[in-house]
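Each chain is listed here by its residues.
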Amino acid sequence: MERDYKKKSVVWEKMYAFITNRKVYHSLFWMILGGIIFFRGYDFWGDAGFVLVNTLIALFFYAALLYFNRLYLIPLYFFKKRFVQYFGLMMLSVLVISPIEILVFYFRFSGLPEAQSGI
């Protein structure tokens, strides 16, 4: 009985070590988010290739904002309790990136005027 417990304990420790690896949990996060975006788009468009490219474009912009925040803004402003500058720069980064993302999707949907009007 104790032997089975030790085997399970070792398996859980290895699984925990694997899942808590930074590359693994970041990859899982982006795959889950990508899956959600993909299946929402697939329900609407029905074309897997078209939706996959749209999903990758969206993920690129989300990743740019997230990692800019995580690697630059948080260490330099948030952790140093410079909250006004942090939130201001975060809002500025969203205000800069969002129109670029909209422009990319506008050109992506250039052959679909009804999709362009919904952007």
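A brief report on the enclosed structure follows.

Cut-offs used in this document
Residues numbered from 1 in each chain as written. Predicted model: local features only at pLDDT ≥ 70, side-chain atom pairs only at ≥ 80, totals over all residues. Heavy atoms only, no water. Helix = DSSP H or I, 4+ residues; strand = E, 2+ residues; numbered from the N terminus. Polar contact = N/O pair within 3.5 Å; in protein donor to acceptor, adjacent residues only side chain to side chain. Contact = heavy atoms within 4.5 Å. Expected span 1.5 Å × (residues − 1). Buried < 20%, exposed > 50% of the residue type's maximum accessible area, 1.4 Å probe, protein only. Core = buried A, V, L, I, M, F, W, Y, C linked by side-chain atoms within 4.5 Å.

So, the side chain of Ser93
Consideration 1: Along the chain, Ser93 turns up in helix α4 (residues 83–108).
Consideration 2: One polar contact links the side chain of Ser93 to the main-chain carbonyl oxygen of Met90, over a distance of 2.7 Å.
Consideration 3: Ignoring any residue separated from it by four or fewer positions in sequence, one finds Ser93 in contact with Leu65 and Phe68.

Structural notes on helix α2 (residues 22–45)
Consideration 1: With 24 residues, α2 ought to run about 34 Å at 1.5 Å a step, and its terminal C-alpha atoms sit 34 Å apart, in line with that.
Consideration 2: If you check which residues of α2 are buried, you get Val24, His26, Trp30, Gly34, Phe38 and Gly41.
Consideration 3: The N-cap of α2, judged by a side-chain oxygen 3.0 Å from the amide nitrogen of Lys23 a few residues on, is Asn21.

Notes on the nonpolar core
Consideration 1: By size, the foremost hydrophobic cluster in this structure holds nine residues: Phe50, Ile57, Ala58, Phe61, Leu65, Ile97, Phe105, Phe109 and Ala115.
Consideration 2: For this core, the elements supplying multiple residues, two or more each, are α3 (48–78) and α4.
Consideration 3: Of all the elements, α3 adds the most residues to this core, at five residues.
Consideration 4: With near-sequence residues (within four places) excluded, Phe50 lies in contact with Trp45, Arg108, Phe109 and Leu112.

As for the environment of Leu89
Consideration 1: In this structure, Leu89 sits in helix α4.
Consideration 2: Distance from Leu89 to Leu73, taken between C-alpha atoms, is 7.6 Å for residues 16 residues apart in sequence.
Consideration 3: The residues touching Leu89, leaving out its near neighbours within four places in the chain, are Leu73 and Tyr77.

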